[in-house]
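As a plain string of letters, each chain reads:
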Amino acid sequence: MQEDHRTRLQFYREAIVEDLDVKDISDYLISKSAITDDDDERIRAEKTRRDSVRELLRILPRRGSDAFDLFVESLKKQYQHLWKLLSRPLDDEQTDERDVREGRVHQILLEGQVPPRPTGFIDRLEETERVRQALYQLKTDNGWIILHGMGGSGKTILAAEALRDPTLLRLCFPSGVFWVTIGQISDDQGRVDQSKLLTKMSNLCSRLDEERRLPPTNIEEAHDRLHDIFVHQYPQSLLILDDVWSQVVARVFAVGCRVLVTTRDRTVTDQARIGEKKRVFISLDSGFKSSEARAVLSSWTGISIDQLPPEADAIIHECNSSPLAIAMIGALLQKNPIQSRWEYYHQNLRDRKLRRIKRPIEYEYPALDASIAVSIEALDDDQQERYRQLAVFEDDAILSSKVLAILWDESSIVIEEEYMSEFVNKSLVRRVASEKDQEHALYSIHDLQLDYLKEIGNTKEQLCSVHAQFVDNYSAQCDGNFSELPDDDYVHRHLIMHVLKAERKGDAIRLLTDLSWVESKLRVCGPSEVIVDYLRYQSGQSQKQRSQGSRRVTRAARQAQAQRSLSSQALKLNDFQRFVSTNAHLFVDPNNFPDIRQLALQQPHKSEVYQQGMAQAQAMLASDSSHFYVDWINERSGAEWHLMTMKVGEDPVRFAAFSPDDAHSKIVICSDNLSVEVRLSESGGVVVSYEGHDDIPYHASFSPDGSQIASCSEDGAVRVWRLFGSGIQELLKIQGHEHDKATLCCEFSPDGKHIASCSEDGSVKVWSSLTGNEMFTCKPLHGGAVRICRYSPDGTMIASASEDKTLKIWDATSGNVVASRDELDANVNDCSFSPDSKHIVSASDDGTVKVWTTTADKNDHVAVLKKPGAHQTLYPFLCCAFSPDGSRIAAGSANADIELWDGESHCHVATLSGHTGFVYSCNFSSDGSKLVSASDDGTIMVWDMAQHVKNVADGEPLLSRRFDISFATNDPSTYPVASIDTTDYRMKVFTGSSAKEIAGSRPVKSWCLSSNSDKLALGFMAGTVEVHSIQGDGDPLVLLKHKKKVRHCFFSPTETHLISCSDDGSHTLWDLVHGIEYVHVQAGQDIPSRFSSRRGSSISTIAVDTKRANTPCAFFNHKLRLVSGSLFGDVFIWPSDDGMMLHTCKGHGDTVLSVAVSKDDQYVASASVDQSTMVWSASTGQLVHKLSGHSDVVRTCAFSPKGNFLVSGSDDTTIKIWNLKSGHEIACCKGHEGWIVGVRFSPDENSVVCIDKNSIRWWTVDGHRLQTYYLKGQFPKFLRVNNSFSTFVTVDDSGYLYLLQAVQVV
């Protein structure tokens, strides 16, 4: 009989047996010789009709090629439906419908003993399809499909589900599918038990053999019998061998048929005699998808998917989506899925207590650990020992063969061939593809297998020993200098962990306080993983202290313990952790990595970080003099508020807030990169990034239990999502504000049942946090965009602040107005309730922070919070917050600072400087110990609120950014500095630690020190100019000429003359020897408001009042002559010998911002808003060069001392160095932060220094960066440099004076 005919009889066997009565067709079959009389007797001898049909179907295939056609013809009259079935080819699609209707698939699987779907079954569609597509390859020929994966990965269920496909069965396996579960059939010596194997084979023979022969007596006979059965009786069938462990089993079942194998060992078919037949491998590496796992837990517990508790996602995460583990836990929860049991099993998984996850479902192993153990026991002793040592690796670690070679002190080739290949084949590890390292194999191990090794597979002492050996092997690679280790994608990330696990505390401390190792790890891993090492060490110490018991300790013992905690080692660790945390934003980009020695030199001088940095800097200079470092010699010793800076990206960060847990362990962040991130608050590591919004997210809020986050966006929607581990699940999308209006803020109510949101449409709405349904809209609406809405801590009120210049307080249950602060002076940007809900603080565009009551409908405020000092520039306050205990009020400003006030006295406490852009958000942690701020500069900063009550300067003066300095002494620490002390707004001259007040309380507008530091010139608001003796000898010289405030004044190089510029539009050049006016120039409306002067070889650049035009001015060096710029772009050289204008240089198309004179007085340079720098002849006033190339305003310029070069600094964040002779650009130095406000050449013309928005940078003249010094604040106005190019001085907006001294080799 043809194979196609045989398979049709087999495929439709059940339908034929069910409907046919052989008596109706036997006479016809006998007459046509399709069967014999003897055949007929055997058929009739059967006891039932069905058995008679089965006997006929057994006989027909042996009666020749015509038997099938005659049998079909015999059915035509009485059995039309069977005749049609058998007449139609199996690949005819019309047969599917009937197959399904008659339950043909179910019957085939039932007869083949294919396992049914288990309780809690979820179809893994992608994986099932992979298996089916492989099985389709067996349609025309025999072959083997090997489905391999670790224990509990769902191989059996997937194999069975793949067979539930009518088309697959009809086209590929019409003769049936036959399932045999093998399992472990080994004897006491670990060899295959021959008797058990023969039993398996004999049972299969009995199931399938239509000739009903006696069972085979040995394996060889069983093999031959099965071969005969499958070739002649079931030619197009599939044999499924489930859970095969041994190559012997696969070999004896190679009986010339199609085979599907499920196994943990990829090599089980290597000895099967299948020649060149097809062999397809399917690796089952992944577990459930999150949605599949949640569906399984829902099915077992009867809880709808959207109502599963947060622990469900946490359990899935801990199980690493293992199907077996999730099914076991689902079954354990089935009868009593109460909250405490969810928490119990989650905790067991977290603590790696796999023995407690016991079998509640049909599975051959009693608990999860036993399922894993049996795979390991299949290895030989040496392999088992090596595998157990993998417990030293952390979860999710990628294991490279070169790393394993160090662990086991073997070659990579031996590792791959003798160990890891076997582990891969046994599904104990998984091979990982990598484009980065194609030379070495990479592997990963499933979390549950690793958990087993850590919990059960090793003792603590064994693991400690392996960790120690691993560290020693790495140490041997680098002679103990770990910072010299090459990056192998492992050691830098995990070395500290291994050292701690080896219980080598001293070695861990030495590494964590080694600047070279810290730098090496920062370059490879970034800052968050370095910070994690410090936290890991602290955690280990805390655990050790807890393990010592909870015995009572005396007061003396507690004091001793506190003293030990402040040991030198602890202080060193604290120094290094703070160093990495506060500079974390600088370590993010490996392509723009800072000089870590220079950063170390910016730390407190007593710190270990500074001392190592200085030692390394001097060593670098000794080996190569081209290096350059500076030391902050007058470094402040005040309180340090700054804990950490996290670089979120290049886009502005709109919002940041701590999670509500006691450890405030996470921070939610909204930025303009369209994502909402959750980061770890201590390390800065990213936990999750939610990108569900369609536009910029503005605000986010943790639910009170911290499990959910609500976020709102420019897209108008409020989205609620669940946070679990490193995963997220979106729960709600709430839309109800006007469609094209942004939703600017959203916040959970204190009980978590509601969410308040506000929008550009002027509305404040309250929603159900469970369903997303609108509860009510607060009425009446605001008259402009509502920027913020806040719940009161007691949950009874909602406050909203709007661009309609009102602050409203609403009843949180009805939406009715409780109080309203109307007709305010400016837009209100933020507000925050006091912890007792009785007061509210607001931040406004008018630069005020006000405290109001919430109980009465009055516009009277309780307090207006101010900074000290009488003359403060008012910048808009963009955010504000009350601390949870009410002791602090914080407000972030458009000037990039955060101001702190006492919550009760309303006295100013501190100014926190560090951001370089608008501060959009500031929020306290739940215990008030920390503050997090978010800024336009792309960073968030974490500040320490727990220890400090004094001003950030702790009583030290805070200088104005306008200052002057004299380099007259040999000791840089005693250079006189003249500036306004902004703590009391008095003019003072500071020398070292002493300060001398000049001019009392009179308001000084401008000032200038003579180069020999004996005179100080002051310009006053009333137009008076005074020249004082620094030593205070005699009365000051009073110069009267100007009618309005004197904006600037400056000494000539000889100090015999002084120039002053006034808002009355005049320049006055004074003869100081005679105390008379020398030249007075009235410039009408061309008001001078900026000038600069060469004084010896020092440079001074004085910034402008932005309300005034820029008209800079500079003295010549060798004659009493000046150059000045103008509002209209003209450059003037004056006075001539007769006191008149000498030259007017025309060429610029816009305001001149800076002028400079070459050292030999031959050339004048001017920098302009028109983006150009021009060089003029001082003698003729003719244009020599027009230097173009900047893409923005050119703000400053300077000649080199020998007259070979000119440098220009621009708002395009670059400086350009030009050849003065040719006018060609020779270098462009990029990478500055903001505009350049000052530049200066070194005396040898080999280098240039410049100052920008928040840093001082040194460059070589060919454009290579020498060094960068990052200021604590920003927006410096001047840079002063001494003659030897060894001291650099500036003041930033934090009030810090920076005396930077070039480091010399000792």
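Residues numbered from 1 in each chain as written. Predicted model: local features only at pLDDT ≥ 70, side-chain atom pairs only at ≥ 80, totals over all residues. Heavy atoms only, no water.

(A) Broad picture of the overall build of the protein. Within the protein, the secondary structure is distributed over 33 helices and 70 strands. In the protein, which comprises 1306 residues, the proportion classed as buried is 58%. The long-range share in the protein, meaning contacts at least 24 apart out of those at least 6 apart in sequence, stands at 55%. Just so you have it, the protein exposes about 53,200 Å², and 46% of that area is on carbon and sulfur atoms. (Helix = DSSP H or I, 4+ residues; strand = E, 2+ residues; numbered from the N terminus. Buried < 20%, exposed > 50% of the residue type's maximum accessible area, 1.4 Å probe, protein only. Contact = heavy atoms within 4.5 Å. Areas by Shrake-Rupley, 256 points an atom, 1.4 Å probe, with all protein chains shown as cover.)

(B) Focus on helix H21 (residues 381-388). When we look at burial in H21, the residues that qualify are Gln383, Gln384, Arg386, Tyr387 and Arg388. Between the side-chain oxygen at the start of H21 and the backbone nitrogen of Asp382 there is a gap of 3.2 Å, and the oxygen is on Asp380. (Polar contact = N/O pair within 3.5 Å; in protein donor to acceptor, adjacent residues only side chain to side chain.)

(C) Quick look at the pattern of salt bridges. Here the structure, examined in full by the defined rule, presents 44 salt bridges. Taking the shortest distance from any N to any O, the salt bridge between Asp39 and Arg42 comes out at 2.4 Å. Linking Asp39 with Arg42, this pair stays in helix H4 (residues 37-45), spanning 3 residues, or about one helical turn. For Arg42, a relative accessible area of 39% puts it in the partly exposed group. The salt bridge involving Glu519 is made with Arg523; its shortest N-O contact spans 3.2 Å. Here the residue Glu519 and the residue Arg523 both occupy positions in helix H28 (residues 515-525), the gap between them amounting to 4 residues, near one helical turn. (Salt bridge = Lys/Arg side-chain N within 4 Å of Asp/Glu carboxyl O.)

(D) A look at the packing of aromatic side chains. Following the criterion strictly, the structure yields 25 aromatic pairs and no others. Ring plane angle 90 degrees and centroid distance 6.0 Å describe the contact between Trp632 and Tyr1296, whose orientation is recorded as edge-to-face. Residue Trp632 is found in strand S9 (residues 630-632), and its partner Tyr1296 is found in the loop between strand S69 (1287-1291) and strand S70 (1297-1302); the two are separated by 664 residues along the sequence. By relative accessible area, which is 2% here, Trp632 ends up buried. Overall, the relative accessible area of 12% leaves Tyr1296 in the buried class. Between Phe1205 and Phe1241 the ring centres are 6.2 Å apart and the planes differ by 25 degrees, which places this aromatic pair in the stacked class. Taken together, the residues Phe1205 in strand S61 (residues 1205-1210) and Phe1241 in strand S64 (residues 1238-1241) connect sequence positions 36 residues apart. (Phe/Tyr/Trp six-rings, centres within 6.5 Å; stacked < 30°, edge-to-face > 60°.)

(E) Representation of the sheet that holds strand S13 (residues 676-680) within the structure. Here 4 strands make up an open sheet; going across it, the order is S11-S12-S13-S14 and the pairing antiparallel. Taken across any chain shown, the strands that pair with only one partner, and hence form the sheet edges, are strand S11 (653-658) and strand S14 (686-690). Strand-to-strand twist across the sheet, computed as the mean angle between neighbouring axes with direction ignored, equals 15 degrees. Bridge count for S11 against strand S12 (residues 666-671) is 5 bridges, and the pairing is antiparallel. Counted as the bridge partner of Val653 is Ser671 from S12. (Pairing = 2+ DSSP bridges. Axes fitted to C-alpha atoms, helices over the stretch in contact; angles between N-to-C directions.)

(F) Examining the confidence of the model for the protein more closely. The predicted model of the protein has a mean per-residue pLDDT of 84, with 88% of residues at 70 or higher. Note that pLDDT drops below 50 for residues 93-102; the model gives that stretch 19 contacts with residues more than four away or on any other chain. This stretch, residues 359-363, has a pLDDT under 50; its non-local contacts, to residues over four places away or in other chains, come to 19 contacts. (pLDDT = per-residue confidence, 0-100.)

(G) Summary view of unusual backbone geometry. That bond from Lys779 to Pro780 is cis: its omega, -5 degrees, falls within 30 degrees of zero. Along the chain, Pro780 turns up in the loop between strand S22 (774-777) and strand S23 (786-791). Cis geometry is found at the peptide bond from Trp1134 to Pro1135, where omega equals -10 degrees. Of note, Pro1135 is situated in the loop between strand S54 (1131-1134) and strand S55 (1143-1145). A positive phi angle, close to 65 degrees, is found at Ser33, a residue other than glycine. Along the chain, Ser33 falls in the loop between helix H3 (26-31) and H4. Taking relative accessible area as the criterion, Ser33 reaches 61% and is therefore assigned exposed. Of note in this structure, Ser1013 is not a glycine but carries a positive phi near 60 degrees. The topology assignment puts Ser1013 in the loop between strand S42 (1004-1009) and strand S43 (1015-1020). Overall, the relative accessible area of 13% leaves Ser1013 in the buried class.

(H) Here's a closer look at the pairing of strand S39 (residues 977-981). Most of S39 is tucked away: 5 of the 5 residues are buried. Looking at chain direction, strand S38 (residues 959-965) and S39 are connected through 4 bridges and run antiparallel. Residue pairing across strands places Phe963 opposite Ser979, the latter belonging to S39. Pairing of S39 with strand S40 (residues 986-991) involves 5 bridges; the strand directions are antiparallel. What sits directly across from Asp981, in S40, is Arg986. A loop of 4 residues connects S39 with S40, the two strands running antiparallel in sequence, and Tyr985 in this loop sits at a positive phi of about 55 degrees.

(I) Inspection of a negative patch on the surface at higher detail. Together, Asp589, Glu650, Asp651 and Glu1233 line one region of the surface with negative charge. Mapping Glu1233 onto the fold places it in the loop between strand S63 (1225-1229) and S64. Looking at Glu1233, the relative accessible area reads 38%, which means it is partly exposed. (Patch = residues over 30% accessible without salt bridge, like charges linked within 9 Å, V, L, I, M, F, W, Y side chains within 5 Å. Lys, Arg positive; Asp, Glu negative; His and termini not counted. Charge placed at Lys NZ, Arg CZ, Asp CG, Glu CD.)

(J) Up close: the side chain of Asp944. Mapped onto the elements, Asp944 comes out in strand S37 (residues 939-944). Of the buried charged residues, Asp944 lacks a salt bridge, with Arg578 as the closest side chain of opposite charge at 4.4 Å. Non-local contacts of Asp944, meaning those with residues more than four positions away in its chain, are made with Arg578, Trp641, Leu643 and Ser929.

(K) Focus on the sheet that holds strand S7 (residues 430-432). Spatially, the 3 strands line up as an open sheet ordered S6-S8-S7, and their pairing is antiparallel. Both edges of this open sheet fall to strand S6 (399-400) and S7, since each of them pairs with a single strand only. Bridging between S7 and strand S8 (residues 442-444) involves 3 bridges; their strand directions are antiparallel. Residue Arg431 lies in a different strand from S8, and its bridge partner there is Tyr443.

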